[in-house]
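# Structural overview for review
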Amino acid sequence: MGGLKGLNLADKIKVIHIMRAVRFLDLEFPPRWAIITRYLLAKNIPSQYGPIDHRSAQNMYLLNWAAAKPESKSAASLFTREMIKTAEEFGLCLWTNHPSEKVKRDMPIWLHPASKKSRTASDASTYWTRCQRDKHNIHTVGEMHDFVAQLESHTRVLHEDPERSSDHDCACAMCSADEAKGCLAPVFCREQATHFLHSINQTWIPNETRDEELEKREENREGRIPKNRANTLTECFRIFTSSPPKSLTLDIDMNSPPPPPPDISRDEFTTIFTDGSGQNIGTEDACAGSGVFFGDDDPRNMAIRVPSYIPQTNNTAEALAILAAAKANKNKKKMKLPAEELVINTWWDVVGM
Ligand SMILES: [Zn+2]
Ligand SMILES: [Zn+2]
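Residues numbered from 1 in each chain as written. Chains lettered and ligands numbered in written order. Predicted model: local features only at pLDDT ≥ 70, side-chain atom pairs only at ≥ 80, totals over all residues.

### Quick notes on the packing of helix 7 (residues 173–180) against helix 8 (residues 186–197)
Where helix 7 meets helix 8, the axes come as close as 9 Å, and the angle between the chain directions of the two elements is 90°. Judged by the angle between their axes, helix 7 and helix 8 are roughly perpendicular. Facing helix 7, whose interface residues are Met-174, Cys-175, Asp-178 and Glu-179, helix 8 presents Pro-186, Val-187 and Cys-189. Partitioning the contact of helix 7 with helix 8 into residue classes produces 5 nonpolar, no polar and 2 charged. (Axes fitted to C-alpha atoms, helices over the stretch in contact; angles between N-to-C directions. Helix = DSSP H or I, 4+ residues; strand = E, 2+ residues; numbered from the N terminus. Parallel < 35°, antiparallel > 145°, perpendicular 65-115°, else oblique. Contact = placed C-beta atoms within 7 Å. Nonpolar A, V, L, I, M, F, W, Y, C, P; charged D, E, K, R; others polar.)

Spelled out as structure tokens, the structure:
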């Protein structure tokens, strides 16, 4: 067990659960058990959230709903419920204030976590939002954005039928296609959709004028690469073990330079450097290890082999390093981890652990 000696059994189990949560949130290449687990969790969505359409029920970490926790109310296994509990303890949540345009578009539209509406109102809960979801088949922010954008180039075409010459009737191709789907008022429905889309925090609404490549070049030139950039949904997940993150509904100007770092007295924090890496990842010979460095000749410095019961990956090695650092930080001073190492392909805010 090498350097894991410092961890008691309960902590080791937590490591396993948090690693499982990381795998669970791999939305691009989910393991089969994660797909089954998502299905089981969605089977018993607590009644205060329901009914939620099956596509919005795909992943509670993406949206404003939470799975049933008590055993009697959940189809999920004890192991899954423990994973959720541990993830909660570690403050696992979706949080980025710099989503890529792809991430914005891929986000589910219903129960969006950055919606400024109440949880109920952010679901497809009105006649028109249900029309958008069920008749126009809109499930993602990208689909909603395209639906709304079509209104910009809309020109009303008079019906030849005099009975349908009122202001609300239009014979254009867009309105005719909408009517064929059962939409009663295509233009009004899209106007309502515009309001709904803009009830989401601006940071999360697709912006076609944004030049992401230029943005990245400028950030690199100025030496400021936002740590909070998320290029895929999986990269949106963060762990906050201290205070909860700022609300997703707060607009934050991403182009302003970052504020100066807080003036933290050295006595208040223990600075610990952590790192993890692996070799032959993805093969049978994969092996991964973690390093923790408190300072020259510090007896708490550690080199840890990632135990064989944990997946041998760079991410698990990084996570294990942080956990081992937390465990070894016995003087209970707040920890400061300067390494910008990536876990779940992102960073962990572990200050205050
Ligand atoms: Zn029309
Ligand atoms: Zn409609």
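### Things to note about the sheet that holds strand 7 (residues 287–293)
What the 3 strands build is an open sheet, ordered 6-7-8; its pairing is antiparallel. Strand pairing shows two members of the sheet lacking a second neighbour, strand 6 (273–279) and strand 8 (302–305), which therefore form its edges. Looking at each pair of strands side by side, their axes are set apart by 15° on average, direction ignored. As judged from the 7 bridges shared by strand 6 and strand 7, these two strands associate in the antiparallel manner. Looking across to strand 7, one finds that Ser-277 is bridged to Gly-289. (Pairing = 2+ DSSP bridges.)

### Section: the confidence of the model for the chain
For any part of a model where pLDDT is low, the fine detail of the predicted coordinates should not be relied upon. Confidence in the prediction of the chain, expressed as mean pLDDT, is 81, and 83% of residues score 70 or more. The element-level mean pLDDT for the chain is lowest in strand 10 (residues 348–349), coming to 36, with helix 6 (residues 141–149) highest at 97. Confidence drops under pLDDT 50 across residues 340–353; counting only partners more than four residues distant or on other chains, this segment forms 44 contacts. (pLDDT = per-residue confidence, 0-100.)

### Let's talk about helix 10 (residues 314–328)
In a regular helix each residue adds 1.5 Å, so 15 residues correspond to 21 Å; helix 10 covers 21 Å between its end C-alpha atoms and thus fits that length. Buried within helix 10 are the following residues: Asn-315, Thr-316, Ala-317, Glu-318, Ala-319, Leu-320, Ala-321, Ile-322, Leu-323, Ala-324, Ala-325 and Ala-328. (Expected span 1.5 Å × (residues − 1). Buried ≥ 20, exposed ≤ 12 C-beta atoms within 10 Å, placed from the backbone.)

### A word on the environment of Lys-102
For Lys-102, the position within the fold is in helix 4 (residues 101–106). When the C-alpha atoms of Lys-102 and Pro-206 are compared, they prove to be 8.4 Å apart, with 104 residues separating the residues in sequence.

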